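Below, each chain spelled out in residue letters.
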Amino acid sequence: MLTRMQTLSADEMNRIHEASLSVLRETGIVFNDPESVEIFKTHGIKTDGKKVFLSGKDVSDALATCPETFTLKALNPANDRRVGLDDFVMLPGYGAPFVTLADGTQRRSEYRDYVDFVKLVQTSKSVDMNGFLMVEPCDSDPRVAHLDMLLAGLLCCDKPLMGTPVSRKAASDCVEVLAAAFGGKEGLMDRPATVSLINSLTPLQFSEEMASSLVQLVRGGQAVCVAALIMSGSSGPVTIPGVLTLQNAEILAGIVLAQLVRPGAPVVYGSTSSAMDLRSGSLACGAPELSMIVNMTAQMARHYRLPSRSGGSLTDALCVDAQAGAESALSLLTAVNSGINFILHSAGILGSYISMSFEKFVVDEEVGAMVRRMVRPMPVGEEEIDARGIVEVGPGGNFLTRPRTARLCRQEIFQPGLMNRLNLEAWEAKGSPDVSRLASEKVKGRLESWKAPDMPASLRADILKKARELAEGAPLLAAWAWASSHARPSPSGRVTASPKALSPATSGGEGFPGCLCIHGGISLPATGLQARQRASGPATGCHCSRRNIGTR
């Protein structure tokens, strides 16, 4: 198939591979988790303190045990999804500390926002999987925020979901709750229920949280996406081949660890690396370089016979405007056309990961549906060509009145739910609505139409019991109570009710103010949710920048 985007030759991919191996062999990569380093040592791999040195054989042995594809099971078997080969799944945004409202203003995200995004995923025809950290709820106790989000994902949606990789305990808790939801740990070993995002700490490091989470999740039978976010010219080389080499070294190191923990563990090869904006020093998500790197990341993943991951509807825009539409559509279309299998940030994300927007979520859904239509296989046979029909209609006739047109029009011609196709007079007669206004109305209707997925009461009780045990007395914002509260969004985009906290010891709980931003970037220590989990009390104040320098 002809494509004007650069296709890497086998020789070029081998050059990137060999350069990555030389980095891993000569410079090594730091794992800031003692258990991970011990795993490498146990398997005879050279280490020096926290630094691990990998040989070409170490890498090739690991790649040989990686599955080319795997299937994620959902609570509703009809929603099981395969990841890899020609299949792709779309997921919502990830890691946003703020919510952008319909009027363009930002506010700190809360648990109620998280639950509403879960409901949008459940009612979506475009988004295949539920996410994690779609927004970072500032009112959730940092000790159990991961459980709050996991409960929302399991009890308000019956699609596959992302796991909780923010700490060793969060990863372990994830496996325990999944075991309660899916009938025991043994079943999870045969088919995973989650994919968790494991980010490298560029350049050439893995944080303690990420490495230890990888180990716990892989032991529990869950899939992991080992990913890098490199800013060319800042945390990585200024050239795209240099970025590809650095991220490849980091990703391969994480994959080796996963295969040492459990040979055959499902892994995804991931990246959302892009350029640094030279005027501000921030990450440029809407840059054409991001799409170029996405395209070549997909090629490198196929080179290794691995499923691939990238960002989807990414943008630097801070509101739902023309910039957001253009950048997001280019990014998503590139990911799909390039063969990416696991497309994170397919709906809702704004401002280089800084916020999520309910309105952009439904706009991105429609773009995603259009892209799916564009790539849907089309048979070309006698029935589809319909030469006999063309002859029958003849010169000057029409096809509108043919029964075949009425029978097939809805499946053959995409019908938008938001995009305008009216003429000026008809559009004005409807009040001249723009896409943002229509999106706000659609969000309201979707949240009102949401219904809790069918779930046996005994299963719900088992999930809640396990969550309470793991919370160890910390107050949980009860996703199940919130889901049944029938709260509705106000005209401002905020929801009028508040979720209730629940713990084994109390029916209420204090909110924990502060920022839950998770930063990666240039050798920064863990902050945000990870830092708050380390601390004995709530964080106060926000340490995130307007443009989040982080790994998503």
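Heads up: the structure comes first, above all this text.
As the structure is a prediction and not an experimental result, all values here were calculated from the model. (Residues numbered from 1 in each chain as written. Predicted model: local features only at pLDDT ≥ 70, side-chain atom pairs only at ≥ 80, totals over all residues. Heavy atoms only, no water.)

Draft legend 1. Geometry of the pattern of salt bridges. Applying the stated criterion across every chain, the model contains 26 salt bridges. A salt bridge links Glu 68 to Arg 305; the nearest nitrogen and oxygen atoms lie 3.0 Å apart. Here Glu 68, found in the loop between helix 3 (56-64) and strand 4 (69-72), pairs with Arg 305, found in the loop between helix 10 (288-303) and strand 17 (308-311); they are 237 residues apart in sequence, far enough to count as distant. Residue class for Glu 68 comes out partly exposed when judged on its relative accessible area of 31%. Judged by relative accessible area, Arg 305 falls into the exposed class, the value being 52%. Note that Glu 441 and Arg 437 form a salt bridge whose closest N and O atoms lie 3.9 Å from each other. Taken as a pair, Glu 441 and Arg 437 lie in helix 17 (residues 435-449) at a separation of four residues, close to a single helical turn. By relative accessible area, which is 38% here, Arg 437 ends up partly exposed. One continuous salt-bridge network, built from bridges that share partners, spans Glu 383, Asp 386, Glu 392, Arg 402 and Arg 404. (Salt bridge = Lys/Arg side-chain N within 4 Å of Asp/Glu carboxyl O. Helix = DSSP H or I, 4+ residues; strand = E, 2+ residues; numbered from the N terminus. Buried < 20%, exposed > 50% of the residue type's maximum accessible area, 1.4 Å probe, protein only.)

Draft legend 2. Representation of the sheet that holds strand 15 (residues 274-276) in the model. Read from one edge of the open sheet, three strands run 13-15-16, paired in mixed fashion. The open sheet is flanked by strand 13 (231-232) and strand 16 (283-284), the only strands paired with a single partner. Taken together, the two bridges between strand 15 and strand 16 define a ladder with antiparallel strand orientation. Residue pairing for strand 16: Met 276 is matched across the bridge by Leu 283. (Pairing = 2+ DSSP bridges.)

Draft legend 3. A look at the sheet that holds strand 11 (residues 205-206). Pairing in this open sheet of four strands is mixed, and the strands run 2-3-1-11 from one edge to the other. Edge positions in the sheet fall to strand 2 (46-48) and strand 11, since each has one partner strand and no second.

Draft legend 4. Spatial organisation of helix 18 (residues 457-471). For helix 18, built from 15 residues, the straight-helix expectation of 21 Å at 1.5 Å per residue is met to within 8% by its first-to-last C-alpha distance of 21 Å. Residue Glu 472 follows helix 18 closely and has a positive phi angle near 50°. (Expected span 1.5 Å × (residues − 1).)

Draft legend 5. The arrangement of the pairing of strand 4 in detail. Of the two faces of strand 4, only one is covered, namely that formed by Phe 70 and Leu 72; the face formed by Thr 69 and Thr 71 stays uncovered. As defined by bridge partners, strand 4 adjoins strand 5 (residues 81-84) across four bridges and the pair is classed as antiparallel. Note on strand 5: the bridge partner recorded for Leu 72 is Arg 81.

Draft legend 6. Representation of the packing of helix 12 (residues 358-375) against helix 17. Direction vectors running N to C along helix 12 and helix 17 enclose 95°, while the axes themselves pass 8 Å from each other. Regarding the angle of helix 12 to helix 17, the classification is roughly perpendicular. For the pair formed by helix 12 and helix 17, the contact residues are Phe 358, Glu 359, Phe 361, Val 362, Val 363 and Glu 365 on the first element and Val 435, Ser 436, Ala 439, Ser 440, Lys 442, Val 443 and Arg 446 on the second. When its residues are assigned to classes, the contact of helix 12 with helix 17 shows seven nonpolar, two polar and four charged. (Axes fitted to C-alpha atoms, helices over the stretch in contact; angles between N-to-C directions. Parallel < 35°, antiparallel > 145°, perpendicular 65-115°, else oblique. Contact = heavy atoms within 4.5 Å. Nonpolar A, V, L, I, M, F, W, Y, C, P; charged D, E, K, R; others polar.)

Draft legend 7. Region of interest: the nonpolar core. In this structure, Phe 31, Phe 40, Ile 255 and Ile 463 are the most contacted members of the largest nonpolar core, which totals 79 residues. No other element matches helix 9 (residues 240-261), which puts 14 residues into this core. If we skip the residues at most four places from it in the chain, Ile 255 touches Ala 62, Leu 63, Cys 66, Val 226, Val 267, Tyr 269 and Leu 306. Ranked by size, the runner-up nonpolar core spans 70 residues in total, among them Val 195, Ala 298, Met 356 and Phe 361. (Core = buried A, V, L, I, M, F, W, Y, C linked by side-chain atoms within 4.5 Å.)

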